[in-house]
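# Architecture and fold: a report
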Amino acid sequence: MWDRLARAGIPYTRPQGRPPKSPAALRRFLDPDGRLDGVRLKGARVLALAAGGGWDAAVFALLGADTYLADISAIQLRTARDLARKKGMSIRTARVDMSDLSRFGAESFDVVWQCHSLVFVRDVDKVFREVGRILKPGGTYVTSTMHPTTLRLYGRYTGAGWQPRTSYFDDQAMPYTDDGDVTWQFGRISVVAPTIEFGHRVETLVNGIASAGMVIDGLWETSPGDFDLKATPGSDEHLESLFPAFIQIRARKLFKPR
Ligand SMILES: C[S@@+](CC[C@H](N)C(=O)[O-])C[C@H]1O[C@@H](n2cnc3c(N)ncnc32)[C@H](O)[C@@H]1O
């Protein structure tokens, strides 16, 4: 599906913006909210997990990290490799499912950076176990995904309120309710790509990371853009002003497993 979305050129498969020059500005470009503040990147081993299609891996490399990029989509990997090459950097890439990182050795990364992709896997515990295995003790994991409450509400305004697609306690993939759910629409681009998405509960995320030998030291609930409670009721802007679009978590691998 991500190859299909990339072929159609939807914005999530294209690099956004242009990396600035100075190291400080580059870090802000990569990590505007400073989730990696205090983490040394120069010389660090970094895995940009499911980070195809964008600048992240190239920017880690520009900041001096020994960078690996893993993603399931060959096209997304190629886009990121090309971006790195244009900047005179080389990154190593691996086409893998994030639930199986067996090609990476135990305790081999200082940082695992994963933005907006856990929504595409059924079993996040598997991903967390793999991340817990490949991180060095004291290493940092930053991840984000769709907020489980809000994901159940997109497109579900009744005129009088919001009707969730499923119960919060239902762990199955989000059911499709009409054609709009399987069509990604951006301006003139329209592509049928029925990705399978999971609204992992907060307790699933937090307890999964803890069980994988990491300790959470930050959790943020965010929405993009400006809050606009006067936006058209039922629009994504309105919903994202009422509830967070994303949940982001930072964790550190424990030195001694509990
Ligand atoms: C929404 S994009 C996010 C890309 C990038 N992390 C960013 O924030 O710009 C989701 C990415 O996850 C990748 N992906 C989806 N399912 C995956 C899986 N099971 N294993 C590895 N990568 C996956 C897609 O190919 C795509 O590159």
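Residues numbered from 1 in each chain as written. Predicted model: local features only at pLDDT ≥ 70, side-chain atom pairs only at ≥ 80, totals over all residues. Heavy atoms only, no water.

Most of strand β2 (residues 66-71) sits out of view: five of its six residues are buried. Inspection of the sheet shows strand β1 (residues 45-49) paired to β2 by five bridges, in the parallel sense. What sits directly across from Ala 48, in β2, is Leu 69. Note on the crossover from β1 through helix α3 (residues 56-62) to β2: the handedness is right-handed. Two strands pair when backbone bridges link them, and β2 and strand β3 (residues 92-95) are joined in this way by four bridges, in the parallel orientation. (Buried < 20%, exposed > 50% of the residue type's maximum accessible area, 1.4 Å probe, protein only. Helix = DSSP H or I, 4+ residues; strand = E, 2+ residues; numbered from the N terminus. Pairing = 2+ DSSP bridges. Right-handed = clockwise from strand over helix to strand, strands pointing away.)

Here we take up the side chain of Thr 150. Inspection of the secondary structure assignment puts Thr 150 in helix α6 (residues 148-151). When neighbours within four sequence positions are excluded, Thr 150 is seen to be in contact with Leu 239, Phe 243, Pro 244 and Ala 245. (Contact = heavy atoms within 4.5 Å.)

Another point: unusual backbone geometry. With a phi angle near 55°, Ala 50 is a residue other than glycine that sits in the positive phi range. For Ala 50, the location among the structural elements is in the loop between β1 and α3. The exposure class of Ala 50 is buried, given its relative accessible area of 18%. The phi torsion at Glu 107 lies on the positive side, around 50°, for a residue other than glycine. Here Glu 107 shows up in the loop between β3 and β4 (109-114). Classification of Glu 107 by relative accessible area gives partly exposed; the value is 45%.

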